[in-house]
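Fold and geometry: a report
Read off the chains here:
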Amino acid sequence: MTVGKVQDRDFIQVRASGIHGTGVFAKRPIPKGTRVIEYAGRRLPKAQLLEAAERGERKLTYVLNLDALTAIDGAEEGNDARFINHSCEPNCEVYIFDNTPYIYAMEAIPEGTELTFDYKLQSAGSMRISLALSRELFPCNCGASHCRGTLVAPPKKRAKSARPVPTSASLPQDLGGSHPR
Ligand SMILES: C[S@@+](CC[C@H](N)C(=O)[O-])C[C@H]1O[C@@H](n2cnc3c(N)ncnc32)[C@H](O)[C@@H]1O
Ligand SMILES: [Zn+2]
């Protein structure tokens, strides 16, 4: 007896992107709400990753925040999800289930379309950098009509009584929420 033919349910292909370098594309139509792929990689303490990056021993290009203490580095033991580029008007989102991040289609994605999610880069500390500096250091090439010009997260809306936040000092060195850079 043999096991029957297994259907190819893979939705994605990796190839050159007009946004940046290598990207991930829909190789067939992806229905809204589909769990497309896990964001795989080595789990490491964030503090350790940031220290290694500061010493120039490690890059944070494929790092995704899992929680306050832990990040996933897709550069080690990672999969195709690490090639998903950022867009300010994304068609995918990262959700964490059972402590594991997955890329989900937020909308129906036609065949051939590049998959993207919003990286929303954040500073490791509470300080923020100005929009101008964000655009200079982390420019966005997503091409969306409402592109904010940077991979850095937009400022959170603050209550009127809140004090203004500093606009310089620390650079984004963290991957706030769950987003690589
Ligand atoms: C997780 S990697 C994505 C895969 C990447 N395209 C590659 O070839 O390795 C993240 C890096 O891709 C680049 N990138 C992703 N989205 C971008 C965008 N919208 N505009 C400019 N660069 C982007 C940035 O250099 C970022 O640090
Ligand atoms: Zn953009």
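Every value quoted in this text rests on a predicted model; they were computed, and no experiment measured them.

**Considering the overall build of the protein chain**
The secondary structure content of the protein chain amounts to two helices and 10 strands. Helices and strands appear in the protein chain in the N-to-C order β-β-β-β-α-β-β-β-β-β-β-α. Across the protein chain, the fraction of contacts at a sequence separation of at least 24, relative to all contacts at a separation of at least 6, is 71%.

**Some points on the site of ligand 1**
Within the structure, ligand 1 sits among 18 residues, and His-20, Gly-21, Thr-22, Asn-85 and His-86 are positioned closest to it. Those elements that place two or more of their residues in the shell around ligand 1 are strand S2 (22–26) and strand S7 (85–86). Grouping the constituent residues of the shell around ligand 1 by class yields six nonpolar, 10 polar and two charged. Summarising the domain contributions, the shell around ligand 1 has at least three residues from each of domain 1 (12–119) and domain 2 (120–154 + 165–173).

**As for the sheet that holds strand S9 (residues 100–105)**
Spatially, three strands are ordered S3-S9-S8 in an open sheet, and the strand pairing comes out antiparallel. Lying at the two open borders of the sheet, with one neighbouring strand each, are strand S3 (35–38) and strand S8 (92–97). Strand-to-strand twist in this sheet, taken as the mean axis angle between neighbours without regard to direction, amounts to 35 degrees. Direction of pairing for S3 relative to S9: antiparallel, over a ladder of three bridges. Among the inter-strand pairings, Glu-38 is bridged to a residue of S9, identified as Tyr-102.

**Remarks on the sheet that holds strand S6 (residues 70–73)**
Reading across the sheet, the three strands line up as S4-S6-S5 and stay open at both edges, with antiparallel pairing between neighbours. The open sheet has two edge strands, strand S4 (42–45) and strand S5 (63–65), and neither has a second partner. Shown here is a sheet whose adjacent strand axes are inclined to one another by a mean of 35 degrees, direction ignored. Here S4 runs beside S6; their pairing, made up of four bridges, is antiparallel.

**Things to note about the confidence of the model for the protein chain**
Per-residue pLDDT for the protein chain has a mean of 87; in total, 86% of the residues score no lower than 70. The low-confidence segment residues 162–178, where pLDDT is below 50, has 50 contacts with residues more than four positions distant or belonging to other chains.

**Quick word on the pairing of S9**
The side chains of a regular strand alternate between the sheet's two faces. Bridge count for S8 against S9 is six bridges, and the pairing is antiparallel. Each bridged residue has a counterpart across the sheet, and for Ile-96 the counterpart in S9 is Pro-101. The turn linking S8 back onto S9 is made up of two residues, and Asp-98 within it adopts a positive phi angle of 50 degrees.

**Details of unusual backbone geometry**
Although it is not a glycine, Glu-77 adopts a positive phi angle of roughly 60 degrees. On the secondary structure map, Glu-77 appears in the loop between S6 and S7.

**As for the nonpolar core**
Counting residues in each nonpolar core, the largest one holds 26 residues, and the members touching the most others are Ile-12, Val-36, Val-63, Ile-84, Cys-92, Ile-103 and Leu-115. Counting only elements with at least two residues in this core, the list comes to S2, S3, S5, S6, S8 and S9. Residues Tyr-119, Leu-121, Cys-140 and Leu-151 belong to the second largest nonpolar core, which totals seven residues.

**Overview of the environment of Cys-140**
Relative to the helices and strands, Cys-140 resides in the segment after helix H2 (131–137). Considered as a pair, Cys-140 and Cys-88 are 52 residues apart in the sequence and their alpha carbons are 8.2 Å apart. When sequence neighbours within four positions are dropped, the list of residues in contact with Cys-140 reads His-86, Cys-88, Cys-147, Arg-148, Gly-149, Thr-150 and Leu-151.

Conventions and cut-offs
- Residues numbered from 1 in each chain as written.
- Chains lettered and ligands numbered in written order.
- Predicted model: local features only at pLDDT ≥ 70, side-chain atom pairs only at ≥ 80, totals over all residues.
- Helix = DSSP H or I, 4+ residues; strand = E, 2+ residues; numbered from the N terminus.
- Contact = placed C-beta atoms within 7 Å.
- Near = placed C-beta within 6 Å.
- Nonpolar A, V, L, I, M, F, W, Y, C, P; charged D, E, K, R; others polar.
- Domains from an automatic or database assignment.
- Pairing = 2+ DSSP bridges.
- Axes fitted to C-alpha atoms, helices over the stretch in contact; angles between N-to-C directions.
- pLDDT = per-residue confidence, 0-100.
- Core = buried A, V, L, I, M, F, W, Y, C linked by C-beta atoms within 7 Å.
- Buried ≥ 20, exposed ≤ 12 C-beta atoms within 10 Å, placed from the backbone.

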